[in-house]
Amino acid sequence: MYSQADQTPVERSNTIKLHDEAAFAGMRAAGKLAAECLDMLVPHMVPGAITDDLDKMAREFVLDHGALPACLFYRGYTKTLCISTNHVVCHGIPSPKTLKTGDIANVDVTVIVDGWHGDTSRMFAIGEIKRRAQLLIDTTYEALMIGIKEVKPGATLGCIGAAIQEYAEARRYSVVRDFCGHGLGRVFHDAPNVLHYGNKGEGTELREGMFFTIEPMLNFGKPSVKILSDGWTAVTRDKSLSAQFEHSIGVTATGAEIFTLSPAGLHNPTA
């Protein structure tokens, strides 16, 4: 189930890769640039912004820093960012669409720095938003951080999912089941899958050197989603609001290192 990353092919497998300190350094650089990309977008997430323009800004930022946009041409995807507004759960495609006052938007970016992937997303408030939207955003952010607190050697993936699920459902939000976090490193999407619901103590045991994302998606209504005809955009079936935050992390000897913290402290820009 586990293998040393430097002894396995750079490709997805069912084996969970365990990484050394050099790999941690690579992930720090990739995670930092991904976070800086979202920091750069903060002042531009305003009413009237065109999502295609935001995507172009992000692509230029990543390329100007000597990195590559991981999503560009990934499985036929043609954008650098995913921008998911209101009832879009994830994988919203940038377009000529403009952001409007009262919208909430998740922006998801993954960059490749020297072969390492930094993957992160944040929620943004467009102008003044309704209080219930703000509460959903804040709860989703806290759910992410509560999940991260469960990460340490000897814990299990179920501990992460259970903590997120308990926190969200106690506040009457639902946890999306159709998407999950994932291993990453030199591979964009790798083992293990990281569910955002589950039972404490169940699932794969966490070991030092594992890299993965935690990226809970919470809905104001029911958890069911559907994929639109473009093959990418996932929306809530009941058209209720949805929110998501994502960090890339590494398991250390004592807990978790978050690779994608905002250098500017803008982890939750709406707070």
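First, a word on scope: everything that follows refers to the structure included in this document. As the structure is a prediction and not an experimental result, all values here were calculated from the model. Each chain carries its own residue numbering, running from 1 in the direction its sequence is written. Owing to the predicted nature of the model, reporting of local features is limited to residues with pLDDT of at least 70; listing and counting of side-chain atom pairs is limited to 80 or more, with chain, interface and lining totals taken over all residues. Each side-chain value is worked out from all heavy atoms of the structure, with water and hydrogens disregarded.

### Notes on unusual backbone geometry
Following A191, the chain continues to P192 via a peptide bond in cis, the omega torsion being 5°. Strands are runs of DSSP state E lasting at least two residues, helices are runs of H or I lasting at least four, and both sets are numbered from the N terminus onward. Examined against the element boundaries, P192 turns out to sit in strand β10 (residues 190-194). In this structure, N86 is a non-glycine residue whose phi angle is positive, near 55°. In this structure, N86 sits in the loop between β4 (81-85) and β5 (88-90).

### A look at the packing of helix α1 (residues 21-41) against helix α2 (residues 51-64)
Axis definition: a line fitted to C-alpha atoms, over the contacting stretch in the case of helices. Angles run 0 to 180 degrees between N-to-C directions. Two elements in contact, α1 and α2, have axes separated by 10 Å at closest approach and are oriented at 140°. By the angle between their axes, α1 is oblique relative to α2. For α1 against α2, the interelement crossing comes out right-handed. Along its contact with α1, which presents L33, E36, C37, M40 and L41, the element α2 presents L54, M57, A58, F61 and V62. Here roughly perpendicular refers to angles of 65 to 115 degrees, roughly parallel to angles under 35, roughly antiparallel to angles over 145, and oblique to all remaining angles. By definition, any crossing whose near helix is turned counterclockwise from its far helix by less than a right angle is left-handed, and any crossing with a clockwise turn is right-handed. Every residue pair with non-hydrogen atoms within 4.5 Å of one another is taken to be in contact.

### Re the sheet that holds strand β15 (residues 242-244)
In any sheet, the strands associate via hydrogen bonds between backbone groups, in a parallel or an antiparallel arrangement. Note: two strands are recorded as paired if DSSP finds a minimum of 2 bridges between them. Reading across the sheet, the 3 strands line up as β8-β12-β15 and stay open at both edges, with antiparallel pairing between neighbours. Strand pairing shows two members of the sheet lacking a second neighbour, β8 (174-175) and β15, which therefore form its edges.

### Overview of the layout of surface pockets
In this structure, the largest pocket encloses a volume near 510 Å³. A 1.4 Å probe that fits but cannot get out identifies a cavity on a 1 Å grid over protein atoms alone, an open set with protein on both sides within 12 Å along at least five of seven lines counts as a pocket, and a residue lines either if it has an atom within 4 Å of a point. Along the wall of the largest pocket there are 23 residues; nearest its centre are Y74, H91, H182, H189 and E215. Looking at the lining of the largest pocket residue by residue, the class counts come to 10 nonpolar, 7 polar and 6 charged. Grid points are joined across faces, edges and corners, and a volume is the space filled by probe spheres set on the points. Note on residue categories: nonpolar means Ala, Val, Leu, Ile, Met, Phe, Trp, Tyr, Cys or Pro, charged means Asp, Glu, Lys or Arg, and polar means any other residue, Gly included.

### Comments concerning the sheet that holds β5
Read across the sheet, 3 strands follow the order β5-β14-β13 without closing on themselves; strand pairing throughout is antiparallel. Taken across any chain shown, the strands that pair with only one partner, and hence form the sheet edges, are β5 and β13 (225-227). Recorded for the sheet is a direction-independent mean angle of 40° between the axes of neighbouring strands. Direction of pairing for β5 relative to strand β14 (residues 234-236): antiparallel, over a ladder of 2 bridges. Among the inter-strand pairings, V88 is bridged to a residue of β14, identified as V235.

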